[in-house]
Amino acid sequence: MRYRQLTTGTLALGVILLIDVLRVWLPGIITIFGQAASTPAELMGAFALGWFVLALGAPAVVRRVGPRPVTVVAAVLLAVARLALTATPGGRTQLWLATAGLLAGLVWLVGVAADTDRPVPGLALGFAVNAALHAVLDTVDLVWRGDWLAWLLSSVAVVLFVLGTAQPGTRADGVTGTGGVRAWLLAGPALLLAGMVALSPALARTGMSYLVAGDGVARSPLFGLAPVPVAVAGFLCTALTRPPRGWSRVYGPVALLAGAVLFALDRGDLLLPAILLAAVGLGACLALTDDASGPDSDASNASDTANASDTSNASARAARRGYAVAAGMLVFALGAVGYYSAYDLGYPNVAVPVLVAGLVAVVAFAARPVVHRLPGPFPPLRAAAAVTALALLAPVLADDIPVASNRDGPPERLTVVAYNIRMGFGLDGRFDLPGLTEVVERQRPDVVLLSEVDRAWLLNGGHDTLDLLAGRLGMPYVFGPAADPVWGDAVLSRWPMRDPRSLPLPAVGAPTGAQALAVTLDLGDGVRTAVVSTHLQPPPGRGPVVQARAVADFATRYAAGRPLVVAGDLNTEPGDEAYAEFTDAGLTDAFAAARPLATSPADDPRQQIDHIFVSPGLTPGDPVAPRSTASDHLPVAVTLTLPPR
């Protein structure tokens, strides 16, 4: 029993460290190796897939050298890379450290698979504990924090992982069973579905935020992380307990497929049922592949146990498990690259999670039911309760609830900041919340309009960037989805926001979706100001004229004569046809007196594509584009004097 507990615990720790590395490596593909919308998506995809294809050679190395030396060396390299990422300053060093850690983690998985015929408990605990920790840390992993506590906790995890891997790995019965191939094959697809849907804290909070506002927009929620303990409990209870027999086994595959379909519908109000169904279904599917059984289960198992004494057969079984986990991780890479590259290449991607869920469902349901199943290394209910208790800390410790309230009387001036935050990643490729917060706070804004807001994309590390910034700025938000329910634009305000509306914009050949988000600021004593946040997406080789016209028309109709502000990354410069759509609608460029005012790229600004337009009656002053490398754009800020009452 001690052996199985050690093996399971070490596997869970390794999975946690590997996911930490992936949360650094995946964003590095588009922020360091390439640049989204400028570097060809095919090139970035080839770079990503190449390392997973390379890992397919690991089973041959394990078979020739032996699993133990390969596993120990790969575990040490994974641990060193994970710890070094906490200290790296970003840039190419960060990318190659993360790449080395990824490759070491893949080889480590292959080595572990060779000696482990029952991976489900370790995989399930790794996925669940990582999700619980990610929620408690408010979706900002230890690797991005860099303080003494992050170093301490990271060091403890790394040391325990290496020590656990270095312990002798001889089973109590002296043999390795014949099972585990299906379970190892599902490790990669399960990791993808857990990170995208089933166990994503950021997605859970985003789903809660849609329940607050309705009408297709989202608002700051109360206890947004509350669904995470429910998802973790459902996942672990179904993954660690014995599945039903007969046709009742179908409930897991059906629940997983239903959750994936709801997620693929791209509706914010369906995110919570998608998460809960996917969590329960994914756990049940893993349990169906947990085929560890006693020697008396049936004649086939007895025969397999006898064959286990044959060295050649044992080596072949180990190789099959190694190839299975390597192939499963390749499915992870194909699914992630295929899903997110669609936003650059322009093809529909909703089928990806459904297809991956279908693969998991088919493999799980086709697994042979086990008659006499061996007990797991940990009591299922106790293990589930312990991890769920950890997840329950998240709504208490990590949920900030900013509240806007009217001050005494309406203000004379409003300071407006518009900022394309590039999903929270700076020019160095690091997740830079402090940099974003500092440059915005320096302007002392009353209202902030954000573009390229990411709330749960696995490709970007699974952060809820909007909620994190709102908490640090002390400003509640309204969010309008563009590409999908978790990527779009937002308005944050120190004044109450009323009547939010979101208008989907025509794509006209642009790969990424776009929208216009309108809110009304309640400034007190009946004074109202309309604010519209948008991010125009130009079609290939042309300007965003059609979208600019749609935004200008929508904004002026929404304002209905009230003072109006339209701002964001408009991807058009003064003198362009799209720029003229706003001035022709009667709006004024708030930066006209300060031109030229370049805002992109942030390290060498040459393009004037971030704008604030205002209606007549609003008098702009103090226009500025403060320097910062916390994004690839500079923020733009202006102080507006309100018309006299």
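Residues numbered from 1 in each chain as written. Predicted model: local features only at pLDDT ≥ 70, side-chain atom pairs only at ≥ 80, totals over all residues. Heavy atoms only, no water.

A.B. asks: Give a description of the pattern of salt bridges that names residues and reports values.
C.D. replies: Any two side chains of opposite charge can pair, so long as their charged atoms come close to each other. For the coordinates displayed, the defined rule picks out 18 salt bridges. The residue Asp20 makes a salt bridge to Arg82 at a minimum N-O spacing of 3.2 Å. In this pair, Asp20 is assigned in helix 1 (residues 2-33) and Arg82 in helix 4 (residues 67-85), connecting sequence segments 62 residues apart. Take Asp20 and Arg82: they sit in the same class, and that class is buried. Among the salt bridges present, the one from Arg498 reaches Asp522, with a minimum N-O distance of 3.2 Å. (Salt bridge = Lys/Arg side-chain N within 4 Å of Asp/Glu carboxyl O. Helix = DSSP H or I, 4+ residues; strand = E, 2+ residues; numbered from the N terminus. Buried < 20%, exposed > 50% of the residue type's maximum accessible area, 1.4 Å probe, protein only.)

A.B. asks: Give me the sheet that holds strand 11 (residues 610-614): which residues, what numbers.
C.D. replies: Read from one edge to the other, the open sheet built from six strands follows the order 6-7-8-9-11-10, with strand pairing classed as mixed. Bordering the open sheet on either side are strand 6 (497-504) and strand 10 (588-589), each of which pairs with just one other strand. Sheet analysis places strand 9 (residues 564-569) next to strand 11, joined by five bridges and oriented antiparallel. By the bridge assignment for strand 11, Asp569 is matched with Asp610. Here helix 22 (residues 577-584) sits on the sheet and contacts strand 9, strand 10 and strand 11; the angle it forms with strand 11, its principal contact strand, is near 20 degrees. (Pairing = 2+ DSSP bridges. Contact = heavy atoms within 4.5 Å. Axes fitted to C-alpha atoms, helices over the stretch in contact; angles between N-to-C directions.)

A.B. asks: Could you give an account of the environment of Gly509, with specific residues and numbers?
C.D. replies: Tracing the chain through its elements places Gly509 in the loop between strand 6 and strand 7 (515-522). Judged by its relative accessible area of 54%, Gly509 falls in the exposed class. As for Gly509 and Gln537, which are separated by 28 residues in sequence, their C-alpha atoms are 9.3 Å apart. Excluding residues within four positions of it along the chain, Gly509 makes contact with Pro539 and Pro540.

A.B. asks: Which residues make up a nonpolar patch on the surface, and what values go with them?
C.D. replies: Taken together, Trp148, Leu149, Leu152, Leu153, Val156 and Leu160 make up a surface patch of nonpolar side chains, about 610 Å² in accessible area. Looking at the secondary structure, you find Trp148 in helix 8 (residues 148-166). Relative accessible area serves as the criterion here: at 66%, Trp148 is assigned to the exposed category. (Patch = residues over 30% accessible without salt bridge, like charges linked within 9 Å, V, L, I, M, F, W, Y side chains within 5 Å. Areas by Shrake-Rupley, 256 points an atom, 1.4 Å probe, with all protein chains shown as cover.)

A.B. asks: Give a detailed account of the side chain of Asp632, specifying residues and quantitative values.
C.D. replies: Relative to the helices and strands, Asp632 resides in the loop between strand 12 (619-624) and strand 13 (636-641). Buried and unpaired, Asp632 has no salt bridge, with Arg422 as the nearest side chain of opposite charge at 4.3 Å. At 3.3 Å, the side chain of Asp632 and the side chain of Ser631 are in polar contact. For Asp632, the contacting residues outside a window of four places in its chain are Asn420, Arg422, Leu427, Thr599, Ser600, Pro601 and Ala602. (Lys, Arg positive; Asp, Glu negative; His and termini not counted. Polar contact = N/O pair within 3.5 Å; in protein donor to acceptor, adjacent residues only side chain to side chain.)

A.B. asks: Give me the packing of helix 4 against helix 8: which residues, what numbers.
C.D. replies: At a minimum axis separation of 9 Å, helix 4 and helix 8 run at an interaxial angle of 175 degrees. With respect to each other, helix 4 and helix 8 are oriented roughly antiparallel. Of helix 8, the residues touching helix 4 (which contributes Arg68, Thr71, Val72, Ala75, Val76, Leu78, Ala79, Arg82 and Leu83) are Trp151, Ser154, Ser155, Val158, Phe161, Val162, Thr165 and Ala166. Grouping the amino acids of the contact of helix 4 with helix 8 by side-chain chemistry returns 11 nonpolar, four polar and two charged. (Parallel < 35°, antiparallel > 145°, perpendicular 65-115°, else oblique. Nonpolar A, V, L, I, M, F, W, Y, C, P; charged D, E, K, R; others polar.)

A.B. asks: Before we move on, could you go through the nonpolar core and cite the residues and values that matter?
C.D. replies: Counting residues in hydrophobic clusters, the biggest one holds 153 residues, and the most contacted among them are Trp25, Phe52, Phe235, Leu236, Leu450 and Leu492. For this core, the element with the highest residue contribution is helix 1, accounting for 14 residues. In contact with Leu492, not counting residues within four places along its chain, are Asp446, Val447, Val448, Leu450, Leu466, Ala470, Leu473, Met475, Pro476 and Tyr477. Val519, Ala567, Phe591 and Ala625 belong to the second-largest nonpolar core, a separate cluster that totals 31 residues. (Core = buried A, V, L, I, M, F, W, Y, C linked by side-chain atoms within 4.5 Å.)

A.B. asks: Describe the packing of aromatic side chains, naming the residues involved and giving the relevant values.
C.D. replies: Going through the model one piece at a time under the given rule, you end up with 21 aromatic pairs. Ring geometry for Trp247 versus Phe365: centroids 5.5 Å apart, planes at 35 degrees, classification tilted. Separated by 118 residues along the polypeptide, Trp247 in the loop between helix 12 (227-240) and helix 13 (251-264) and Phe365 in helix 17 (residues 351-366) bring together distant segments of the chain. Looking at Trp247, the relative accessible area reads 69%, which means it is exposed. With a centroid separation of 4.9 Å and 85 degrees between ring planes, the pair formed by Tyr339 and Tyr340 is classed as edge-to-face. For Tyr339, a relative accessible area of 3% puts it in the buried group. When its relative accessible area of 6% is taken as the criterion, Tyr340 is described as buried. In this structure, Arg249 packs its charged tip against the face of Phe365, placed 5.3 Å from the ring centre. (Phe/Tyr/Trp six-rings, centres within 6.5 Å; stacked < 30°, edge-to-face > 60°. Lys NZ or Arg CZ within 6 Å of the ring centre and 35° of its normal.)

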